[in-house]
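# Observations on the three-dimensional arrangement
Now for the letters of each chain:
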Amino acid sequence: MKGLVLEGGGAKGSYQVGAYKALKELGYEFDYIVGTSIGAINGAMFVQGDEDLAEEVWQDIKYSTVINVDNDKVKSFLNEDLTISNFMEKVGLIREVISEGGFDTTPFKNLLDSYIDEEKILKSDIKFGLVTVDLTNRKPIEIFADEMKPGQLKKYIYGSSNLPVFKQEPIDGRYLIDGVFYANNPVEMLLDKCDEVVDILLYHDRPFRRVKDLEKVTVICPKIKITEVLNFTKESAELGIKLGYYDTYKVINKLLGQDYYIKAPDCEFTLKIIYNLYLKRKKSYLEEVSFRTFLEKKIPDFISKNKLNQKADYNELMVDVLEKLALRLNLEKFKIYDFIEFSQEILEKLEENNLVGFYPTEEDLLRSITNINKEMVL
């Protein structure tokens, strides 16, 4: 049995859409999908088989998709610094929200009515579950769709996503609020049901909470901050989808790179590169240096001097060096590179920008890679 866990995180949730798309391309089929808050909404659409529709919704998202507000006013409120000229406008919006008892979520409810299909979910081969909190009875709820009464699914999904800043209304006599207040990452719902679990996180700065049976959990997590929780904009959604897609390929296919996505070269190729660099550098050393000394002393010295990852293996070290140059040259990030292709594109960028000779260490590495590739092809 395979399970998918989708963490809550508001506008960060676009990341899960990209990640799920990649997982499908990689051949993953899930028996269970569970989520909290935005993870519950995305999860419901995945269970329905509507992941393409979910991507369309995210790509056209704005504040008014979720709450009944003027998009420009909210964007100004959240993104502009407080000034004398906009002070009264910001105060007015705050007063309006307070007087209404919170943000009006009618658009959000309409979205659920339009895109969530209870019948599809119940008939799906994938079991769907979510987390919410019953504020009235002060208890968390972890529940699967087939355990709910008919007609209750959308209400539970709404409850799982119901932030305190939203206007609160009872659902069948109970106040259900966002599941984040109990289990924002509901991985434990699946540990006794699945042999393999993929857990898609949304916060780059929150370490994965260690759970029992950790070895069967594959974690996919952004390396950078995607956006703010309530920043529902097309731009942040598009970034999240791209990051989720490529980060998933990185984790599943064990790609190299911090900022880029690079297939690792094989061991024979790597050793040839290192030996080539040794022969070239040997000429510049005042004393005779053996290959062993080069590996044990010169490379660690280079790592320390350039503040590179001291725990990196040789493949990671080469990628680390080239990534720093790729970032300076503004090389396209959202692409899966073959290691040789990555090197050649960097070299071409150097030549295009008349920067040959400005980065001697990196150029030695690039030309060594190119030459060895030509030898191996011949």
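For the structure, check the block above.
The structure displayed is predicted, hence computed values, not measured ones.

This part covers the overall build of the protein chain. A tally of helices and strands in the protein chain yields 16 helices and nine strands. By sequence separation, contacts in the protein chain at least 24 residues apart represent 66% of the contacts at least 6 residues apart. Carbon and sulfur atoms form 50% of the exposed surface of the protein chain, whose accessible area is close to 19800 Å².

Let us now look at the side chain of lysine 250. When you line up the elements, lysine 250 lands in helix 11 (residues 234–252). Comment: no salt bridge for buried lysine 250; closest opposite-charge side chain is aspartate 247, at 5.0 Å.

A few words on the nonpolar core. Where a protein is soluble and globular, its nonpolar side chains tend to be buried together. Formed by 54 residues in total, the largest nonpolar core has its most connected members in Leu4, Ile33, Phe128 and Ile157. If you tally residues by element for this core, the top one is helix 2 (residues 38–48), at seven residues. Those residues in contact with isoleucine 33 that sit more than four places away from it in its chain are Leu4, Leu6, Tyr20, Gly43, Phe46, Val47, Ile126, Lys127, Phe128 and Gly129. If you look at the next biggest cluster of nonpolar residues, it comprises 34 residues, including Phe339, Phe342, Leu350 and Tyr359.

Moving on, we get to the pattern of salt bridges. The tally for this structure, following the rule as stated, stands at 18 salt bridges. With a shortest N-O distance of 3.0 Å, lysine 127 and aspartate 146 are connected by a salt bridge. Of the two residues, lysine 127 is situated in strand 3 (residues 127–134) and aspartate 146 in the loop between strand 4 (139–144) and helix 9 (153–160); the sequence distance between them amounts to 19 residues. Judged by its relative accessible area of 31%, lysine 127 is partly exposed. Taking the shortest distance from any N to any O, the salt bridge between aspartate 134 and arginine 174 comes out at 3.7 Å. In this pair, aspartate 134 sits in strand 3 while arginine 174 sits in the loop between helix 9 and strand 5 (176–178), placing the two residues 40 residues apart along the sequence. Each member of the salt-bridge network shares a partner with another, and the members are Lys335, Glu341 and Glu345.

Turning to the packing of helix 12 (residues 267–282) against helix 14 (residues 314–328), a few remarks are in order. Remark: helix 12 packs on helix 14, axes separated minimally by 10 Å, with the N-to-C direction vectors making an angle of 60°. As helix 12 packs across helix 14, the resulting crossing turns out to be left-handed. Residue-level contacts link Thr270, Ile273 and Ile274 of helix 12 to Tyr314, Asn315 and Met318 of helix 14. Looking at the contact of helix 12 with helix 14 residue by residue, the classes come out as four nonpolar, two polar and no charged.

A few words on the packing of aromatic side chains. Following the criterion strictly, the structure yields 17 aromatic pairs and no others. Among the aromatic side chains, those forming a connected cluster through ring pairs are Tyr245, Tyr246, Tyr249, Tyr261 and Phe334. Seen from the ring of tyrosine 261, lysine 250 lies directly overhead, with NZ or CZ sitting 4.4 Å from the centre.

Moving on, we come to the pairing of strand 3. Among the eight residues that make up strand 3, seven are buried, leaving the element largely enclosed by the rest of the structure. The pairing of strand 2 (residues 32–36) with strand 3 spans five bridges and is classified as parallel. If you follow tyrosine 32 over to strand 3, its bridge partner there is lysine 127. Where strand 3 lies against strand 4, six bridges are found, and the strand directions are antiparallel. By the bridge assignment, leucine 130 is partnered in strand 4 with isoleucine 143. Hairpin remark: strand 3 followed by strand 4, antiparallel, with four residues in the connecting loop; positive phi at arginine 138, about 55°. Judged from the three bridges that link them, strand 3 and strand 5 form a sheet pairing that is antiparallel. Pairing of aspartate 134 across the sheet is with leucine 176, part of strand 5.

This paragraph deals with unusual backbone geometry. For residues other than glycine, phi is negative in most cases, and the peptide bonds are mostly trans. The residue serine 37 is not glycine, and still its phi comes out positive at about 60°. Tracing the backbone through its elements, the reader meets serine 37 in the loop between strand 2 and helix 2. In this structure, arginine 138 takes a positive phi of about 55° despite not being glycine. Within the secondary structure layout, arginine 138 lies in the loop between strand 3 and strand 4.

Cut-offs applied
- Residues numbered from 1 in each chain as written.
- Predicted model: local features only at pLDDT ≥ 70, side-chain atom pairs only at ≥ 80, totals over all residues.
- Heavy atoms only, no water.
- Helix = DSSP H or I, 4+ residues; strand = E, 2+ residues; numbered from the N terminus.
- Contact = heavy atoms within 4.5 Å.
- Areas by Shrake-Rupley, 256 points an atom, 1.4 Å probe, with all protein chains shown as cover.
- Buried < 20%, exposed > 50% of the residue type's maximum accessible area, 1.4 Å probe, protein only.
- Lys, Arg positive; Asp, Glu negative; His and termini not counted.
- Salt bridge = Lys/Arg side-chain N within 4 Å of Asp/Glu carboxyl O.
- Core = buried A, V, L, I, M, F, W, Y, C linked by side-chain atoms within 4.5 Å.
- Axes fitted to C-alpha atoms, helices over the stretch in contact; angles between N-to-C directions.
- Left-handed = near helix turned anticlockwise from the far one by under 90°.
- Nonpolar A, V, L, I, M, F, W, Y, C, P; charged D, E, K, R; others polar.
- Phe/Tyr/Trp six-rings, centres within 6.5 Å; stacked < 30°, edge-to-face > 60°.
- Lys NZ or Arg CZ within 6 Å of the ring centre and 35° of its normal.
- Pairing = 2+ DSSP bridges.

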